[in-house]
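Chain by chain, the residues run as shown.
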Amino acid sequence: MSNGTYDVILVGGGVMGCATAYYLLKFDPHLNIAILEMDPSYEKASTPLSDGNTRIQFNIKENIQISQYGLEVLKRFSEEMEVNGEKPDAAFRRQGNLFVLDDASREESHEGLLLQKSLGCDVQWLSPDEVQKYYPLYNLKDCVAGTFGPHDGTMSPLAVLLGYKKKVMALGAVFIHAEAIEILKQESQIVGVNLSSGERLNSIIVVNASGAWARKTSKTVGVDLPINPTKRQVTIIETNARPEKTLPVLFLPSGLYCIHESEGTFTVGKSLPTDYVGYDDFNWERNKFETVIWPELVKYIPSFDRLKVTRGWAGLYEVNTLDGNAILGEWPELKGFYLANGFSGHGFQQCHAVGRYIAELILGINPTLDLSVFSPQRILENKPVFESRRKII
Ligand SMILES: Cc1cc2nc3c(=O)[nH]c(=O)nc-3n(C[C@H](O)[C@H](O)[C@H](O)COP(=O)(O)OP(=O)(O)OC[C@H]3O[C@@H](n4cnc5c(N)ncnc54)[C@H](O)[C@@H]3O)c2cc1C
């Protein structure tokens, strides 16, 4: 029995909260852990609204290592998350990711490719002719090259989230349907959380795993994080394409991406500078696809000049406005307040390594991966860690 007192309280029961709880319990099965989730239906949570893509193609060493670790975990995910004979299926399609390079991105992408290879990643540099030969649907004739990560791909983010969630509940974590309205401290030590129900829970360790709501959550204990909830939408299209096998995900230099789902179905998205910032707009706008995204897409996939828009949805990115990267670890001025925030649209794939890292920090275990480059100290010192010289995300 907890009597309202826990070893660790996680605010947010998305993939980050559940993965962190899993690693805590893996390291120490006796821990008393509470996961607070204000909406167990996950209607607005970013995880189920995500595209579920994972990629090795990053430019920061630690981001590459995070992905390498995630790919290893995915190989054993089903076995590791088994509960009473039920094994979750992440439905991982290793269709590969193909990044298109233009003149502006050539140098940086080449540097990234060399770094990825030096870390043991399989990434290939393809000429536009090679891309055309292997994937006739894609037209890169006016581009510099494509970099191809054959082991990348997409999966069901909900299946991964529920895999972790069911496992941690089986391991004894308490899942509480409640909103954390105030994180409590005494001087510079965390002491608990006030819930919207009026109840108070006690703990000297609270993890902010509240995704796009991270800034709001942190503000209740006087910490202002540079994280904006930013609307991002995706659109599902039906086309006449019938490739023999699943095509790699296409990433254009502008950030537009196109995921081959099956047969003629593709998912398309792009971050736009005009995307709404706030917690209250989840409306999918067909017009944005038709006027902004479609014309650009057709340049790279000419046969998509005719297609049918079937549906779409919008969710929130947790954009770290300082540098577009994760903020991981204990807030330097507040003992016991841990952050797993700021993923800026690539947090789903990072849940495995981040969950493990946060658990290691909390338990004082030497980290498997040193992710201190993403320490919250850099926020206080205003020292950004950029993935790209050209844009934040
Ligand atoms: C359209 C879209 C596409 C994306 N595609 C990808 C992709 O392909 N690959 C990738 O890696 N990432 C992708 N992402 C990003 C990814 O979804 C997120 O980085 C990741 O899911 C973050 O997980 P999380 O657990 O931190 O957040 P969430 O899944 O949002 O979970 C946070 C939870 O905290 C709860 N919460 C918040 N405040 C409180 C409170 N005060 N009390 C209690 N509960 C609270 C919320 O209800 C929510 O359920 C995408 C995101 C979007 C929107």
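About the cut-offs
- Residues numbered from 1 in each chain as written.
- Predicted model: local features only at pLDDT ≥ 70, side-chain atom pairs only at ≥ 80, totals over all residues.
- Helix = DSSP H or I, 4+ residues; strand = E, 2+ residues; numbered from the N terminus.
- Rg over C-alpha atoms; globule rule 2.2 N^0.38 Å.
- Buried ≥ 20, exposed ≤ 12 C-beta atoms within 10 Å, placed from the backbone.
- Contact = placed C-beta atoms within 7 Å.
- Domains from an automatic or database assignment.
- Nonpolar A, V, L, I, M, F, W, Y, C, P; charged D, E, K, R; others polar.
- Pairing = 2+ DSSP bridges.
- Axes fitted to C-alpha atoms, helices over the stretch in contact; angles between N-to-C directions.
- Parallel < 35°, antiparallel > 145°, perpendicular 65-115°, else oblique.
- Left-handed = near helix turned anticlockwise from the far one by under 90°.
- Near = placed C-beta within 6 Å.

*Asks:* Any chance you could explain the overall build of the protein here in plain terms?
*Replies:* Of the regular secondary structure elements, the protein holds 10 helices and 19 strands. Over its C-alpha trace the protein gives a radius of gyration of 21 Å, about what one expects of a compact globule, namely 21 Å for 393 residues. The principal-axis extents of the C-alpha atoms in the protein amount to approximately 65 × 45 × 40 Å. Going through the 393 residues of the protein one by one, you find that 47% of them count as buried. Looking at the protein alone, contacts between residues at least 24 apart form 75% of all its contacts between residues at least 6 apart.

*Asks:* I keep staring at the domain arrangement of the protein and nothing clicks. Help me out?
*Replies:* The parts lose accessible area when they come together, and the size of an interface is often stated as this lost area. The domain architecture assigned to the protein consists of domain 1 (8–81 + 157–226 + 322–381) and domain 2 (97–152 + 229–318). Taken together, the contacts link 27 residues of domain 1 with 28 residues of domain 2. Taken together, the elements giving at least two residues each to the side of domain 1 that touches domain 2 come down to α2 (46–49), β3 (53–54) and α3 (61–80). It is α3 that provides the largest number of residues to the side of domain 1 that touches domain 2, a total of 5 residues. Broken down by class, the residue content of the side of domain 1 that touches domain 2 amounts to 9 nonpolar, 14 polar and 4 charged.

*Asks:* How should I be thinking about the sheet that holds strand β10 (residues 189–195) in this particular structure?
*Replies:* Strand pairing in a sheet relies on backbone hydrogen bonds. The paired strands run either parallel or antiparallel. A sheet is described by the order of its strands in space; here 3 strands give the open sequence β9-β10-β11, paired in antiparallel fashion. Looking at strand neighbours, the two that pair on one side only are β9 (180–186) and β11 (200–202), the edges of this open sheet. With strand direction ignored, the average angle separating the axes of adjacent strands in the sheet is 25 degrees. Taken together, the 6 bridges between β9 and β10 define a ladder with antiparallel strand orientation. Bridge pairing in β10 links Leu-184 to Gly-192.

*Asks:* Can you walk me through the packing of helix α1 (residues 15–27) against helix α9 (residues 351–363) in this structure?
*Replies:* Two quantities define a packed helix pair, namely the angle between the helix axes and the distance between the axes. One can describe the packing of α1 onto α9 by two numbers: an axis separation of 8 Å at closest approach and a directional angle of 50 degrees. With respect to their mutual orientation, α1 and α9 come out oblique. The two elements α1 and α9 cross, and the hand of that crossing is right-handed. Every residue of α9 that contacts α1 at Val-15, Met-16, Ala-19, Thr-20, Tyr-22, Tyr-23, Leu-24 and Phe-27 is listed here: Cys-351, His-352, Val-354, Gly-355, Arg-356, Ile-358, Ala-359, Ile-362 and Leu-363. Looking at the contact of α1 with α9 residue by residue, the classes come out as 13 nonpolar, 3 polar and 1 charged.

*Asks:* I'm lost on the site of the ligand in this one. Help?
*Replies:* Residues in close proximity to the ligand total 40 residues, the closest being Gly-12, Gly-14, Gly-211, Gly-315 and Gly-347. Among the secondary structure elements, those contributing two or more residues to the shell around the ligand are α1, β2 (33–37), α2, β13 (227–238) and β17 (308–320). The element best represented in the shell around the ligand is β17, accounting for 4 residues. Among the residues forming the shell around the ligand, the class breakdown is 17 nonpolar, 17 polar and 6 charged. Residue contributions to the shell around the ligand reach at least three from each of two domains, namely domain 1 (8–81 + 157–226 + 322–381) and domain 2 (97–152 + 229–318).

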